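Architecture at a glance
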Amino acid sequence: MTSTVPSNPTASAAIARPASGHTGADIFGVDLSKPLSDGDLTVIKEALHRWKVVFFRGQDLDHTSQIAFARQFGELTYAHPHDDTPPQDHPEIFTIDPRRYEERYGEGFGEATKKRRYSYFSGWHTDVTAAVNPPAGSILRAETVPEFGGDTQWTNLVAAYEGLSAPVRAFIDTLRAEHRYGGADKPTGDSPYARRINDNLLVSIHPVVRVHPETGERALFVNPGFTSHIVGVRPSESRALLNLLYEEVTRPEYTVRFRWEPGSVAFWDNRATAHLAPRDIEHLDVERRLHRVTLIGELPIGPDGQESQLVAGKPFTADHRVVVGA
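Treat the numbers as computed from the prediction; the structure is a model and nothing was measured.

Before going further, it helps to examine the overall build of the protein chain. Tallying secondary structure elements over the protein chain gives eight helices and 16 strands in all. Against the 2.2 N^0.38 benchmark of 20 Å for 326 residues, the protein chain shows a C-alpha radius of gyration of 19 Å, consistent with a compact globule. C-alpha atoms of the protein chain, sized along the principal axes, occupy 65 × 50 × 35 Å. Residues counted as buried form 52% of the 326 residues belonging to the protein chain.

Here it is in structure tokens:
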């Protein structure tokens, strides 16, 4: 049998090439289906810390090898706080396919989602920040993508924080915000979506500015997808402050756009990025299926040293299970 262990476990064939001025780097020279050398791991980690998201092309991965690759960077969560049907024998895999949402939440769910979008900011999010310990990182691979369209965008939350003026940074360093599944648009009624969300409440209080546990950088830690309001201020003040921060987060100069191909992989630092799923193919009859795993995260800490607080639900780990109401 041929060994998959590199002959020189400290050597590196990986090369990182920046993809934009602030965000994203392409990684060349590695086969993610095999164990990585210490050198390759170092290149990937350093690029991830510097550029916040890294991209790989032409990778031949299945569920098992994607999980094995991810575990070289940490332990994995369950698929998703609201997914009760991950692939058999692979509870870590969350499949992203619009058709699955229609099956789970009913026909017309996509149209209802469109109607709730009130601004350009809508749709930008950092994964599962409603949890008290949001994922440290996410790894997404493309299985089937359309011939055109369907790109994903990422933004650098460290650059967004640093782009604010010093007095604003000093002020928001003191603030905390509630994050809940559903965000400010709390689901009501008896729809399958509302029942699933309300039967599995996930609500936390996080610092508006998070100190990165590995780099020490400060990053904005609010996002339109999950942040409901800033704590301790009037609703009108909360909206104004969040809109100010969202405008900074989504400035084009902080972003990178990735064109998917079958076999593409994106690995992002969920503590320092937000991302936007594509909207340009929603009117097209095309198939788009990707698979994601997420790394278990730690409790965020603000500049004042205070940790995040759990309001409802439980930490997001490998043991997470979903309650589905009748």
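Here we take up unusual backbone geometry. Within the chain, Asp89 stands out as a residue other than glycine whose phi angle is a positive 70 degrees. In this fold, Asp89 is placed in the loop between helix H2 (63-70) and strand S4 (94-96). Its identity is not glycine, yet Val128 carries a phi of approximately 50 degrees, on the positive side. Tracing the sequence through the fold places Val128 in the loop between helix H4 (109-115) and strand S5 (137-144).

Inspection of every chain in the model, using the stated rule, returns 19 salt bridges. As a salt-bridge pair, Arg234 and Glu237 come within 3.1 Å of each other at their nearest N and O atoms. Take Glu237: its relative accessible area is 31%, and that puts it in the partly exposed class. Through salt bridges with shared partners, a single ionic network connects Arg210, Glu214, Asp269, Arg271 and Glu298.

Mapped onto the elements, Phe267 comes out in strand S13 (residues 265-269). Residue classification places Phe267 among the buried residues on the basis of a relative accessible area of 1%. For the pair Phe267 and Ile139, spaced 128 residues apart in sequence, the C-alpha to C-alpha distance is 4.4 Å. In this structure Phe267 touches Ile44, Leu48, Lys52, Val53, Val54, Phe56, Phe69, Phe73, Ser138, Ile139 and Leu295, once residues within four positions along its chain are discounted.

Criteria and cut-off values
Residues numbered from 1 in each chain as written. Predicted model: local features only at pLDDT ≥ 70, side-chain atom pairs only at ≥ 80, totals over all residues. Heavy atoms only, no water. Helix = DSSP H or I, 4+ residues; strand = E, 2+ residues; numbered from the N terminus. Rg over C-alpha atoms; globule rule 2.2 N^0.38 Å. Buried < 20%, exposed > 50% of the residue type's maximum accessible area, 1.4 Å probe, protein only. Salt bridge = Lys/Arg side-chain N within 4 Å of Asp/Glu carboxyl O. Contact = heavy atoms within 4.5 Å.

Keep in mind these values describe shape, not function.
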